[in-house]
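# Close look at the chain arrangement
Read off the chains here:
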Amino acid sequence: MIEIKNSYGLHASTLPNKEGLFGEFGGKITHPELAKALDELEAGFHEIIKEDDFIAEMKRLRETYVGRPSPIYHAKRLSEHCGGAQIYLKREDLNHTGAHKINHCLGEVLLAKKLGKKKVIAETGAGQHGVALATAAALMGLECEIHMGVVDIKKEHPNVSRMKILGAKLVPVSQGAGTLKEAVDSAFDAYLNDIENSMFAIGSVVGPAPYPEMVGYFQSVIGHEAREQFLKATGKLPNKVVACVGGGSNAMGMFSGFMTDADVEKIGVEPAGEGLDTPNHAATMSKGVKGEIQGFKCYVLLDEKGEPAQVHSIASGLDYPGVGPQHSHLRDSNLATYEAVTDKECLDAFMALSRLEGIIPALESSHAVAYAMKIAKDMPENEAILVNLSGRGDKDIDFVLDKVTL
Ligand SMILES: Cc1ncc(COP(=O)(O)O)c(C=O)c1O
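Model, not experiment: these values are computed from the prediction.

What follows concerns the sheet that holds strand 6 (residues 143-149). The strand order across the open sheet formed by four strands is 7-6-5-8, and the pairing between neighbours is parallel. Looking along the sheet, the strands with just one partner apiece sit at the ends: strand 7 (169-173) and strand 8 (198-200). Sheet twist, expressed as the mean angle between neighbouring strand axes with direction ignored, is 20 degrees.

Let us now look at the confidence of the model for the protein chain. Across the protein chain, the average pLDDT comes to 95, with 98% of residues at 70 or higher. Note on residues 1-8: pLDDT under 50 across the span, and 21 contacts to partners over four residues away in sequence or across chains.

This brings us to the packing of aromatic side chains. Tallying each qualifying case throughout the model produces nine aromatic pairs. For the pair Tyr-88 and Phe-230, a centre-to-centre distance of 4.8 Å together with 70 degrees between the ring planes defines the contact as edge-to-face. In this pair, Tyr-88 is assigned in strand 4 (residues 86-91) and Phe-230 in helix 10 (residues 221-234), connecting sequence segments 142 residues apart. A centroid spacing of 4.2 Å and a plane angle of 20 degrees characterise the contact between Phe-188 and Phe-200, whose relative ring orientation is stacked. With Phe-188 in helix 8 (residues 180-192) and Phe-200 in strand 8, this pair connects stretches of sequence that are 12 residues apart. Counting every residue linked through ring pairs, the aromatic cluster contains Phe-45, Phe-54, Tyr-217 and Phe-218. A cation over an aromatic ring shows up here: Arg-331 above the ring of Tyr-299, its NZ or CZ 4.4 Å from the ring centre.

Our focus in this paragraph is the pattern of salt bridges. The full count for this structure, using the stated rule, is 25 salt bridges. Its salt-bridge partner being Glu-24, residue Lys-290 comes within 3.0 Å of it at the nearest N-O pair. Remark: Glu-24 occurs in the loop between strand 1 (21-22) and strand 2 (25-26) and Lys-290 occurs in strand 11 (residues 289-293); sequence separation between them is 266 residues. Taking the relative accessible area as the measure of exposure, Glu-24 reaches 36% and is therefore partly exposed.

Moving on, we get to the site of the ligand. Around the ligand, 18 residues are found, and the nearest of them are Ser-204, Gly-246, Gly-248, Ser-249 and Ser-390. The side chain of His-100 places a nitrogen or oxygen atom 3.0 Å from an oxygen atom of the ligand. Between the ligand and Gly-247, the relevant distance is 3.2 Å, taken from an oxygen atom to a main-chain nitrogen or oxygen of the residue. In isolation the ligand exposes 390 Å². Once the protein is present, 97% of that is buried. Residue composition of the shell around the ligand, by class: five nonpolar, 11 polar and two charged. Counting contributing residues per domain, the shell around the ligand is built from domain 1 (22-54 + 101-211) and domain 2 (65-98 + 220-402), each supplying no fewer than three.

Now for the UniProt feature "domain: Tryptophan synthase beta chain-like PALP" (unreviewed entry) in the protein chain. Mapped onto the present numbering, the UniProt feature "domain: Tryptophan synthase beta chain-like PALP" (unreviewed entry) falls on residues 66-391. Secondary structure content for residues 66-391 is 41% helix and 20% strand, while the C-alpha to C-alpha distance between its ends is 13 Å.

To continue, consider the sheet that holds strand 4. Note: strands within a sheet are paired through backbone hydrogen bonds, in either parallel or antiparallel orientation. Here six strands make up an open sheet; going across it, the order is 3-4-14-9-10-13 and the pairing mixed. Across the chains shown, the open sheet's two edge strands, defined by having one partner strand only, are strand 3 (72-74) and strand 13 (337-342). For this sheet the average axis-to-axis angle between neighbouring strands, irrespective of direction, equals 30 degrees. When strand 4 meets strand 14 (residues 384-389), the two strands line up parallel, connected through six bridges. Each bridged residue has a counterpart across the sheet, and for Lys-90 the counterpart in strand 14 is Asn-388. This element, helix 11 (residues 249-256), spans strand 4, strand 9 (240-244), strand 10 (265-273), strand 13 and strand 14 of the sheet and lies at about 160 degrees to strand 9.

This part is about helix 15 (residues 363-376). The first and last C-alpha atoms of helix 15 sit 20 Å apart over 14 residues, in line with the 20 Å expected at 1.5 Å per residue. For helix 15, the buried fraction is high: 13 of the 14 residues fall into the buried class.

By size, the foremost hydrophobic cluster in this structure holds 86 residues, and its most contacted members are Val-120, Leu-133, Phe-255 and Leu-386. Structurally, this core is a two-domain feature, drawing no fewer than three residues from each of domain 1 (22-54 + 101-211) and domain 2 (65-98 + 220-402). Setting aside residues no more than four positions away along its own chain, Phe-255 makes contact with Val-241, Lys-266, Ile-267, Gly-268, His-327, Leu-330, Ala-336 and Tyr-338. Membership of the second largest hydrophobic core comes to 37 residues, among which are Cys-82, Val-369, Ala-372 and Val-387.

About the thresholds
- Residues numbered from 1 in each chain as written.
- Predicted model: local features only at pLDDT ≥ 70, side-chain atom pairs only at ≥ 80, totals over all residues.
- Heavy atoms only, no water.
- Pairing = 2+ DSSP bridges.
- Helix = DSSP H or I, 4+ residues; strand = E, 2+ residues; numbered from the N terminus.
- Axes fitted to C-alpha atoms, helices over the stretch in contact; angles between N-to-C directions.
- pLDDT = per-residue confidence, 0-100.
- Contact = heavy atoms within 4.5 Å.
- Phe/Tyr/Trp six-rings, centres within 6.5 Å; stacked < 30°, edge-to-face > 60°.
- Lys NZ or Arg CZ within 6 Å of the ring centre and 35° of its normal.
- Salt bridge = Lys/Arg side-chain N within 4 Å of Asp/Glu carboxyl O.
- Buried < 20%, exposed > 50% of the residue type's maximum accessible area, 1.4 Å probe, protein only.
- Near = heavy atom within 4 Å.
- Polar contact = N/O pair within 3.5 Å; in protein donor to acceptor, adjacent residues only side chain to side chain.
- Areas by Shrake-Rupley, 256 points an atom, 1.4 Å probe, with all protein chains shown as cover.
- Nonpolar A, V, L, I, M, F, W, Y, C, P; charged D, E, K, R; others polar.
- Domains from an automatic or database assignment.
- UniProt positions renumbered as here; feature names shortened; annotations may be inferred.
- Expected span 1.5 Å × (residues − 1).
- Core = buried A, V, L, I, M, F, W, Y, C linked by side-chain atoms within 4.5 Å.

Shown next as structure tokens:
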């Protein structure tokens, strides 16, 4: 367990034991050379986050560079449209670079710098983590190498251009489905070839320890801010908090603020893609089994050979066959529940939020909006749903225009 000296304290249910396990999930299932590097990273992380200058620098960058705290917004027209509960949005889309990913990237790059590394390496799906990492690396003068599937490169073109402009080296990955999982494998291989000079800066609460804990810690700022802001604005807590789940970093960030509030229901929303009764989805919690992927244990979607399956979602940042170990543990402990919405429901929510509130959400975040819209109508008007709007949808506009008729 980590002792935290600043105001972003974490609840025990979201912290690992000494083996990096959250209940039975997580761990550091990897070969000795990588395990040794990760042990060093873990020790460095636990040490550095307690240092006053690290805490002060994170605070300064969050406020003056990212624009935190991100506001809470009452989406009145969307709520009226649904009828029933009031829908509120935590506006992570307003962060510099347009998503929650900058929260952990600043922490990871600051950490890399403190550990004397020259370069950060990572994977990206929707390109938001890649852009955020390239941004943090430019800010702190480190080299940055981003691995991205060829399918995602085509789909998320604006983010690819942004990464290049920010000075990152882009490595296209064409193996397998050419999406997020293959990008993670490729980035880990590149890191193994340059362990001395580089740090692997993963993009979600996935991977071997200490990554789930580390990314969860840096993202917990979302939930802690949100709880305080919501109480101040309404005098009470929301009845439900809702966030989309790819690897699960924005959801963990939001849930962290409410872990001591048993009455606040925590709901993660996964991609049901073309339907849970088809093979084309990425609903790890709804359809997965306990297994291993990329160095840790979690719920995972496997193919007939027992390998991580090739999964599908309209949102590149959600098409991952595994999920963070914290989420696997929260689900099995009945501390959070997980639901799924389809590509079609996601697109409808994307258009509804754009047209009713003038906010174009990321396709990933649109999953959470879609689920909130679905449940709001069955809740009374004096109840509230707080949705984590994890990112903005500028990157998705050309793709969406191809899919919908206006
Ligand atoms: C805007 C946005 N939201 C959510 C996600 C999913 O990641 P996570 O589940 O780690 O929050 C992504 C991933 O790229 C993203 O870009």
